Amino acid sequence: HRRLQSRYKAIAHSPDYNVIFYAGLSNDEPMPKGKKAYALLRDISATFSPSLIIIDTLEGIRDTNGNDNYSLSVKEFTDLRRLAHQLDIVILCVHHTKKKTDYEVEPPDSILGSQGIAATLDTILIMQAQTGTKDVNLFITGKDVEQQDLALTWNHPSFSEPSSSATASLGHAQEQVYAYIRNHPRCTQAAICAATDKQKSQVSKIVNQLIVRDLVLKKEGVLICSV
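Each chain has its residues counted from 1, following the order in which its sequence is written. Where totals are concerned, whole chains, interfaces and linings use all residues; where local detail is concerned, this predicted model gives features only for residues with pLDDT of at least 70, and gives and counts side-chain atom pairs only at 80 or more. Values shown for side chains rest on all heavy atoms present in the structure; no hydrogens or waters enter the calculation.

Trainee: Can you explain the pattern of salt bridges? Please cite residues and give values.
Mentor: For salt bridges, the criterion is a side-chain nitrogen of Lys or Arg within 4 Å of an Asp or Glu carboxyl oxygen. All chains considered together, the criterion is met by 5 salt bridges. The partner of R62 in a salt bridge is E59, and the shortest N-O contact between them spans 3.5 Å. With a 1.4 Å probe rolled over the protein chains alone, any residue whose accessible area is under 20% of its type maximum counts as buried; one over 50% counts as exposed, and the rest are partly exposed. You can call R62 buried: its relative accessible area is 4%. Take E59: its relative accessible area is 40%, and that puts it in the partly exposed class. Measuring nitrogen to oxygen at the nearest pair gives 3.1 Å for the salt bridge that ties D79 to R82. Here R82 and D79 lie together in helix α3 (residues 70–87), a separation of 3 residues that amounts to about one turn. Strands here are runs of E lasting at least two residues and helices are runs of H or I lasting at least four, both read from the DSSP assignment and numbered beginning at the N terminus.

Trainee: Could you give an account of the packing of aromatic side chains, naming the residues involved and the relevant values?
Mentor: Pairing of aromatic rings covers Phe, Tyr and the six-membered ring of Trp, with a centre-to-centre limit of 6.5 Å; geometry is then stacked below 30 degrees between planes, edge-to-face above 60, and tilted otherwise. Evaluated as defined, the whole model comprises 2 aromatic pairs. When the ring of Y8 is compared with that of F21, the centres are 5.7 Å apart and the planes differ by 65 degrees; the resulting orientation is edge-to-face. Of this pair, Y8 sits in helix α1 (residues 2–11) while F21 sits in the loop between α1 and α2 (34–48); the two residues are 13 residues apart in sequence, bridging distant segments of the chain. Measuring from centroid to centroid gives 5.0 Å for W154 and F159, while their planes differ by 75 degrees, and the two rings are edge-to-face. Of the residues examined, F159 reaches a relative accessible area of 30% and is grouped as partly exposed.

Trainee: Mind laying out unusual backbone geometry, listing which residues take part and the relevant values?
Mentor: Here the bond from D56 into T57 is cis, since omega is 0 degrees, no more than 30 degrees from zero. Positive phi, normally seen in glycine, also occurs at S49, with a value near 50 degrees. Relative to the elements of secondary structure, S49 occurs in the loop between α2 and β1 (52–56). Positive phi is not limited to glycine here, since D197 has a value of about 60 degrees. Residue placement: D197 occurs in the loop between α7 (189–196) and α8 (200–212). Of the residues examined, D197 reaches a relative accessible area of 72% and is grouped as exposed.

Printed below as a string of structure tokens:
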């Protein structure tokens, strides 16, 4: 419990003392699993009326008995979804991804365990470390959200506000040109040259780089953002 408190205070700019911790390692008895865990969530909701319950990690309340097949996972996570809707709260579950392999997989396929997990949840957020840095990519998808690829830059003691991963790695000159196109849709390269005081050849090169990245579209001589 003490470790949870200290870690929370380290990342929270202004700690909210309404945040309540149930520290599994500090309890004399292990956290309940399966239906008993859901009963505990109901009790917490009835007692404190929270808007959000975070379970870290999800495996701590699962009652799989080593059996993690598709149909059982679908039933388990359907029950959890139903509980969230009944209580009218957000239940955010922390889970792990598989170890990296030599071949690329779609982010939802990296979720550890049965594919029934990804198939059942309302919203999925997958954090993937950027090699050689503390920065991460954040993939978001779900039944009621627009699919997004975001980038979060590590800024001790926490991360920056998320930005589009497609634009996070742009250089200064590319950012300037992209920002102008975003703020002036259907502009021409000549207009960019005049506004940014850059040479025609430099602007042409940057625009082509943005087109290759699928950030900009060129139609009938004018430019528009695609992201």
